[in-house]
Structure formats: structure tokens, C-alpha cells
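So you can see what is in the structure, the chains are spelled out below.
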Amino acid sequence: MAYSIKIAKGDAKKAVARKRRHLRVRKRVNGTAERPRLVITRSNRHMVAQVVNDRLGHTVASASTLEAGLRGTEGRKTDLSREVGKLVGERAKAAGITTVVFDRAGYKYHGRVAAVAEGAREAGLEF
């Protein structure tokens, strides 16, 4: 499978490099019904976590800082990210999911990305 990635200047280079890392990982990481993929999407302000069954193309559970319960919450972005991890973990457990494959989407496993993973583990997900 060939991917075309355009070379950009400045800050766009970071985005292209992250996409390249994500594509490289996605060649090997797939979610199944028994062990779906927990994928992270990060922006400067928000975090989104989804549990995805790649075989069917369905999102089993999701959580975000954009949700009404977390949107107006004061605090550090890392703390909010941990809450997103706990929420997605609880929702996945309610859907009958106990183990997932963690997909950091090309982001470094540090800070808010690591906080989502820790929150999901605290909620009872294994990966």
C-alpha cells in the first residue's frame, strides 16, 4: 500500500512527520471485535479518544473534552485528558470491551497522550 505525503515548510513539517509515523504504525496495528483499537486525536485545546473496531469500521465507545460534562471544567489539560481516558474506559467496559490496542496516532507517548492511557487503565482497560 503506497501513501503519498507532500513535503511542507515550517510547522506543517511536523504534521507531515506525524502523519508518516501514524501510517507506519497503522500498517501493523488493527482493531478487532475482541481487541479494538483505542485511538487518540489531539489538538492544542482538546483530546478525543475512540475505541474502534477496524474490521467493521465502527466506533464502539468515545469520549472527548468537547463533551458537555468536561467542556467547562477548569484545570490543566493533562488532568482533563486523564478524565477523557477514564470516560472512554468506562464506556468501553459498558460495551463489553476489556482489552484494547493503544494507537497513539503518531504522537509522543508523553503528557496528555500518556494521561489518556493512564486514565483508561484506571477505568479497567488492559493494553
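Residues numbered from 1 in each chain as written. Predicted model: local features only at pLDDT ≥ 70, side-chain atom pairs only at ≥ 80, totals over all residues. Heavy atoms only, no water.

Caption draft 1: The arrangement of the sheet that holds strand β2 (residues 47-53) in detail. With respect to topology, four strands assemble into an open sheet ordered β3-β2-β1-β4, the strand pairing being mixed. The sheet is open, and its two edges are formed by β3 (58-64) and β4 (101-103), each paired on a single side. On average, each strand axis in the sheet is inclined to that of its neighbour by 20°, with strand direction left out of account. Where β2 and β3 come together, six bridges link them in antiparallel fashion. The residue of β3 that forms the bridge with A49 is A63. Helix α4 (residues 112-122) rests against β1 (37-42), β2 and β4 of the sheet, and its axis sits at about 145° to β1. (Pairing = 2+ DSSP bridges. Helix = DSSP H or I, 4+ residues; strand = E, 2+ residues; numbered from the N terminus. Axes fitted to C-alpha atoms, helices over the stretch in contact; angles between N-to-C directions. Contact = heavy atoms within 4.5 Å.)

Caption draft 2: Inspection of the packing of helix α3 (residues 77-94) against α4 at higher detail. Here α3 crosses α4 at 35°, and the two axes come no closer than 6 Å. Considering how the two elements wind past one another, α3 and α4 form a crossing that is right-handed. From α3, K77, T78, S81, R82, G85 and K86 reach across to α4, where they touch R112, A115, V116, E118, G119, A120 and E122. Residues of the contact of α3 with α4, tallied by class, amount to three nonpolar, four polar and six charged. (Left-handed = near helix turned anticlockwise from the far one by under 90°. Nonpolar A, V, L, I, M, F, W, Y, C, P; charged D, E, K, R; others polar.)

Caption draft 3: Representation of the side chain of T65 in the model. On the secondary structure map, T65 appears in the loop between β3 and α2 (68-71). Take T65: its relative accessible area is 6%, and that puts it in the buried class. With residues up to four places along the chain from it excluded, the contact list for T65 reads R45, H46, M47, L70, R71, L80 and V84. (Buried < 20%, exposed > 50% of the residue type's maximum accessible area, 1.4 Å probe, protein only.)

Caption draft 4: Expanded view of unusual backbone geometry. Not every positive phi belongs to a glycine, and A105 is a case in point at roughly 60°. Secondary-structure assignment places A105 in the loop between β4 and α4. A105 sits in the buried class, given a relative accessible area of 3%.

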